Amino acid sequence: MAEEKTVLIVEDEKNIVDILRFNLERKGYRTLEAYDGEDGLRKAREEKPDLILLDIMLPKMIGFDVCAALRKEGDSVPIILLTAREEEDDKVRGLEMGADDYITKPFSMREVVARVEANIRRTAMAAPAAGAADSAMPVAGDLAINTDSHQVFRGGRAIDLTQREYELLTFLASHPNKVYSRVDLMEQVWNYGYVGDDVRTVDVTVRRLREKIEENPASPQFILTRRGAGYYFSVS
Ligand code: CA
């Protein structure tokens, strides 16, 4: 049997927590619950869950701040925000704070389970192993990827990426110079069968990725934009 994955649910509405827990446990996940932001942050730090479902409007500490605090500490756990509104600003702000994904309430349990499965890390992120930089494969310039440890290096220095940022980078890098539209990337990297307005997710993730891997994010050398077409990984 596959190793049991733990999902931390941070949500102050008990009925929502109950239905999430019931459905996730039925799918074989272990669940932890927190009913306010501070407790959520504490459990995320102490229990190291495999994924966090994080409500935005929470007592004591809002979801955006919980997310930003974890990312600041270098925690790359997949985070799915639960947003109460269809507000584009919330989505973009959440992604900028380092969330991987969002689900708008009211949601179907089928959608939640699908998103959890799409976002949960399939390979445990290895602790920065000795030698991981040396055995990383150079992809372009001084950028190298170790696909065993899921780590990215620039000039031998490890770069902290979220799981989604890592997947986007490795997907583009494994198809050098091929342009992918945002819809393509949504399907290939996010594994979503539908897209709608969610293509902005791609733009925000590209921007965050550039800020981490590019010398000058405003004038990128690795992930380039082909105007009106999409993004590509540049190898000259
Ligand atoms: Ca709430």
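Provided above is the structure to which this section pertains.
A. Spatial organisation of the overall build of the chain. Helix and strand counts for the chain come out as 8 helices and 11 strands. Counting all 236 residues of the chain, 53% fall into the buried class. In the form shown here, the chain has an accessible surface area of approximately 11400 Å², with 48% of it arising from carbon and sulfur atoms.

B. Seen up close, helix α3 (residues 63-72). Within α3, 7 of the 10 residues are buried, leaving the element largely enclosed by the surrounding structure. Taken together, the buried positions of α3 are Gly63, Phe64, Val66, Cys67, Ala69, Leu70 and Arg71. One or two steps after α3, the chain reaches Gly74, where phi turns positive at roughly 85°.

C. Just the coordination of the calcium ion, in detail. Surrounding the calcium ion are the protein donor atoms Asp12 (OD), Asp55 (OD) and Met57 (O), which sit 2.1 to 2.3 Å from the metal. Going along the chain, you hit the donors of the calcium ion in the pattern D-x42-D-x1-M. You can see Asp12 sitting in the loop between β1 (6-10) and α1 (14-26) and its partner Asp55 sitting in strand β3 (residues 51-55), a full 43 residues away along the chain.

D. Focus on the pattern of salt bridges. All told, the structure shown has 22 salt bridges when counted by the stated rule. Note that Glu11 is salt-bridged to Lys105, the shortest N-O span being 3.0 Å. Of the two residues, Glu11 is situated in the loop between β1 and α1 and Lys105 in the loop between β5 (101-104) and α5 (109-119); the sequence distance between them amounts to 94 residues. When sorted by exposure, Glu11 lands in the same class as Lys105, which is buried.

E. Representation of the environment of Ile159 in the model. Residue position: Ile159 is located in strand β9 (residues 157-159). Overall, the relative accessible area of 13% leaves Ile159 in the buried class. Between the alpha carbons of Ile159 and Ile145 there is a distance of 10.0 Å; along the sequence they are 14 residues apart. Setting aside anything within four residues of it in sequence, one finds Ile159 in contact with Leu143, Val152, Phe153, Arg154, Lys212 and Ile213.

Reading the values: the criteria
- Every chain is numbered on its own, with residues counted from 1 as its sequence reads.
- In view of the model being predicted, local features appear only for residues whose pLDDT reaches at least 70, and side-chain atom pairs are presented and counted only at 80 or more, with totals across whole chains, interfaces and linings using the full set of residues.
- Water and hydrogen atoms play no part in the side-chain values, which are based on all heavy atoms of the structure.
- Every helix listed is a DSSP run of H or I at least four residues long, and every strand listed is a run of E at least two residues long, numbered separately from the N terminus.
- Residue exposure (1.4 Å probe, protein chains only): buried if accessible area is under 20% of the type maximum, exposed if over 50%, otherwise partly exposed.
- Only the protein chains shown count as covering a residue, and every accessible area follows the Shrake-Rupley method with a 1.4 Å probe.
- In this listing, donors mean N, O and S atoms no farther than 2.8 Å from the metal, or 3.2 Å for Na, K and Ca; water is missing from the atoms, so a site can look incomplete.
- What counts as a salt bridge is simple: a side-chain nitrogen of Lys or Arg found within 4 Å of a carboxyl oxygen of Asp or Glu.
- Whether two residues are in contact is decided by their heavy atoms, any of which lying within 4.5 Å being enough.

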